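For reference, the chains in residue letters:
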Amino acid sequence: MIYDYLIIGGGIIGLSIAKAIIEKEPNARVCVIEKESSVAQHASGRNSGVLHAGFYYTSNSLKAKFTKDGNYELKKFCKEHNLELNECKKVVVAQNRDEVQTLKELYNRGVTNGVEVELIDIKRLEEIEPNAKSIELALYSPSTATVNPKEVTQKLASILEKKGVEIILNCKYLKRSDSDEIITNKGNLKYKKLINASGLYADKIAKDFGFSKNYTIIPFKGVYLKYEGKDRVIKRNIYPVPNLKNPFLGVHYTITVDNTIKIGPTAIPAFWRENYKGFENFSILEMLNILFYESKLFLTNSFGFRDLAFNEIKKYSKKHLAKLATSLVKNIDNKEFNSWSTPGIRAQLLDINSLELVQDFVVESDKKTIHILNAVSPAFTCSFPFSKWVVDNFL
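Along each chain, residues carry numbers from 1 onward, in the same order as the chain's sequence is written. Thresholds applied to this predicted model are a pLDDT of at least 70 for local features of residues and 80 or more for the giving and counting of side-chain atom pairs; totals over whole chains, interfaces and linings are not thresholded and use all residues. With hydrogens and water set aside, each side-chain value is computed from the structure's full complement of heavy atoms.

**What about the overall build of the chain?**
Here's step 1: For helices the rule is a DSSP run of H or I covering at least 4 residues; for strands it is a run of E covering at least 2, with both sets numbered from the N terminus onward. Per the secondary structure count, the chain includes eleven helices and 23 strands.
Here's step 2: For this measure, only C-alpha atoms enter the radius of gyration; the expected value for a globule follows 2.2 Å times N^0.38, where N is the number of residues. The C-alpha atoms of the chain give a radius of gyration of 21 Å, which matches the 21 Å a tight globule of 395 residues would have.
Here's step 3: Viewed in the frame of its principal axes, the chain has a C-alpha envelope of about 65 × 50 × 40 Å.
Here's step 4: Considering only residue pairs separated by 6 or more positions, the chain has 73% of its internal contacts joining residues 24 or more positions apart.
Here's step 5: Each accessible area value is a Shrake-Rupley result obtained with a 1.4 Å probe; residue values ignore everything except the protein chains displayed when judging cover. Accessible surface computed for the chain: about 17,100 Å², of which carbon and sulfur atoms make up 49%.
Here's step 6: Within the chain, one finds 56 positive and 45 negative side-chain charges whose respective centroids are separated by 1 Å. Here, residues are in contact when the closest pair of their heavy atoms is within 4.5 Å. In summary, the charge assignment counts Lys and Arg as positive and Asp and Glu as negative, without counting His or the chain termini. A charge is said to be at NZ when it belongs to Lys, at CZ for Arg, at CG for Asp and at CD for Glu.

This is how it looks when you write it as structure tokens:
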């Protein structure tokens, strides 16, 4: 069989692209291959579950283009299919006057992007989230919500299979064949169009097809600490003002779909792509390649990587991580932060020439293949409109 569209990667982006294809071409032969035993085993099932609003991103970015609509579409998807949804909203708080200026910049970005966002005073902040602590002003995002990302992705896979999309599990891409086919551990698969949505491995697969020449994936490990107290100490997500020079949002409070409170995530430089725990999935070649670039970043301190690495490694201490979160609230018992959440890996694209982290989505393609190279946060939120854009513009 020759598939009209063969998609590598059973995460939210790969499946959303399949969704967009079937909606546009209902009779297309679409196949998604996934190397794990079920979908959403990596970033799509291990992220925070936050549906972002869209005020962090500059107006000329793809992230700004898709976040607002993605937030709306995923909420609608959850409601239509009775999936968990917590419309908990969010506040961003400032700890000094420099951060107040950044708050204003975020507000202006939100307004430019057409996002529902408010710059509020301390009195209004106390009404919305009494436990949040800020100086002068805060930012209020009423459209921010949380979902169960694994549940959403698995539901999407189930819907696609009913519509005729073939999803082959335990099917690992091995290499490119000479013709319009790839070699997998389950045999060769032929295609008319190939879409590489393989997340952590997108750059490696893209290089087989002559792409990602200027990029490589650098993995960052993210973990959260769960609050185990019985009291509801906060009712909104509480975020700090981020450093706009890098794509990480800082340690914050997230309320999950089941109302669990957690703090994090970390953004600890990892040593191989699936460096979740101990030495599982260890690869010496991956480690050497990643250490080569991380060493460069450390020596040059590009985008403050050296400081980032030192600060993030400290977050392996529960006490230290809890202390960082304390500055965002008035009252909380740090001793109740006791258990780690399931770790995740952020597949962050690095420009190997400038040694800067790429802060927007990146897609490279030719007539036969499309490669989604940088599907980082808020890619989950953006997945539906972003994937439709990919289909409309690259297939």
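**Structural notes on the pattern of salt bridges**
Here's step 1: Between Lys or Arg on one side and Asp or Glu on the other, a salt bridge is scored when a side-chain nitrogen of the former is within 4 Å of a carboxyl oxygen of the latter. Scanning the model with the defined rule gives 20 salt bridges in all.
Here's step 2: With a closest N to O distance of 3.5 Å, E87 and K79 form a salt bridge.
Here's step 3: Here K315 ties to E312 by a salt bridge, and the two come within 2.6 Å at their closest N and O atoms. Neither residue differs from the other here; K315 and E312 are each classed as buried.
Here's step 4: The network of salt bridges with shared partners includes D203, K204, R273 and E286. Burial classification: accessible surface area is computed with a 1.4 Å probe over protein chains only, and a residue below 20% of its type maximum counts as buried, one above 50% as exposed, and the rest as partly exposed.

**Concerning helix α9 (residues 305-313)**
Here's step 1: Every buried residue of α9 is listed here: F305, L308, A309 and E312. Looking straight down α9, one finds that the buried residues subtend no more than 100° of arc, so they occupy a single side.
Here's step 2: Residues of α9 that are buried in the fold lie against β13 (215-222), β18 (268-269) and α8 (284-300). Throughout, the arc means the angular range of directions from the helix axis out to the C-beta atoms.

**Re the side chain of T266**
Here's step 1: Among the secondary structure elements, T266 is positioned in the loop between β17 (261-264) and β18.
Here's step 2: Looking at T266, the relative accessible area reads 5%, which means it is buried.
Here's step 3: Whenever two N or O atoms come within 3.5 Å, that pair is a polar contact, provided that in protein one can donate a hydrogen and the other can accept it, and provided that, for residues adjacent in sequence, both atoms are side-chain atoms. At a separation of 2.9 Å, a polar atom in the side chain of T266 contacts the main-chain carbonyl oxygen of K221.
Here's step 4: Among the polar contacts listed, one links the side chain of T266 to the backbone nitrogen of V223, at a separation of 3.1 Å.
Here's step 5: With residues up to four places along the chain from it excluded, the contact list for T266 reads K221, G222, V223, E312 and K315.

**A look at α8**
Here's step 1: What a helix is expected to span follows from its residue count: subtract one and scale by 1.5 Å. Its 17 residues give α8 an end-to-end C-alpha distance of 24 Å, which sits within 8% of 24 Å, the value for a rise of 1.5 Å per residue.
Here's step 2: Those residues of α8 that fall on the buried side of the exposure criterion are E286, M287, I290, Y293, E294 and L297. Viewed along the axis of α8, the buried residues span an arc of 145°, placing them on a single side of the element. Exposed and facing more than 90 degrees away from the buried side of α8 are L285, L288 and L299.
Here's step 3: Buried positions along α8 lie against α7 (202-208), β13, β18, α9 and β20 (344-351).
Here's step 4: Immediately downstream of α8, the backbone of N301 shows phi near 55°, a positive value.

**A closer look at the packing of aromatic side chains**
Here's step 1: Only Phe, Tyr and Trp rings take part, Trp by its six-membered ring, and two of them pair if their centres are within 6.5 Å. Stacked means planes under 30 degrees apart, edge-to-face means over 60, and tilted covers everything else. What the rule picks out here adds up to 17 aromatic pairs.
Here's step 2: Look at F298 and F310: their rings are 5.6 Å apart centre to centre, the planes differ by 75°, and that puts the pair in the edge-to-face class. Of this pair, F298 sits in helix α8 while F310 sits in helix α9; the two residues are twelve residues apart in sequence, bridging distant segments of the chain.
Here's step 3: Note that K90 overlies the ring of Y239, its terminal NZ or CZ placed 3.6 Å from the centroid. Geometrically, a lysine NZ or arginine CZ counts as sitting over a ring once it is within 6 Å of the ring centre and also within 35 degrees of the ring normal.

**A closer look at the packing of helix α3 (residues 62-80) against helix α11 (residues 379-394)**
Here's step 1: With axes taken as lines fitted to C-alpha atoms, and helix axes fitted only over the stretch in contact, angles between N-to-C directions fall between 0 and 180 degrees. Their axes nearest at 6 Å, the elements α3 and α11 cross at an angle of 110°. The orientation of α3 with respect to α11, classified from their angle, is roughly perpendicular. When α3 is examined against α11, the residues L62, K63, K65, F66, T67, D69, G70, N71, E73, L74 and F77 are found in contact with a partner set consisting of F380, T381, C382, S383, F384, P385, F386 and W389.
Here's step 2: Residue classes follow a fixed rule: Ala, Val, Leu, Ile, Met, Phe, Trp, Tyr, Cys and Pro count as nonpolar, while Asp, Glu, Lys and Arg count as charged, and any other residue, Gly among them, counts as polar. A breakdown of the residues in the contact of α3 with α11 according to their chemical character gives ten nonpolar, five polar and four charged. What sets the label is the angle itself: under 35 degrees gives roughly parallel, over 145 gives roughly antiparallel, 65 to 115 gives roughly perpendicular, and the rest give oblique.

**Quick notes on the sheet that holds strand β4 (residues 85-86)**
Here's step 1: Across the sheet, which stays open at both edges, the three strands sit in the order β3-β8-β4 with antiparallel pairing between neighbours. Every interior strand has two partners, whereas the edge strands, β3 (50-51) and β4, have only one.
Here's step 2: As paired strands, β3 and strand β8 (residues 145-147) are joined by two bridges and run antiparallel to one another. Looking at β8, one finds that V50 is bridged to T146. At least two DSSP bridges between two strands are needed for those strands to be called paired.

**Here's the deal with unusual backbone geometry**
Here's step 1: Geometrically, the link from G264 to P265 is a cis peptide bond, its omega value of -5° lying close to zero.
Here's step 2: Tracing the backbone through its elements, the reader meets P265 in the loop between β17 and β18.
Here's step 3: Residue P378 follows S377 across a cis peptide bond; omega there is 10°.
Here's step 4: Its place among the elements puts P378 in the loop between β23 (369-372) and α11.
Here's step 5: The phi dihedral of N301 is positive, around 55°, even though this residue is not glycine.
Here's step 6: For N301, a relative accessible area of 22% translates into the label partly exposed.

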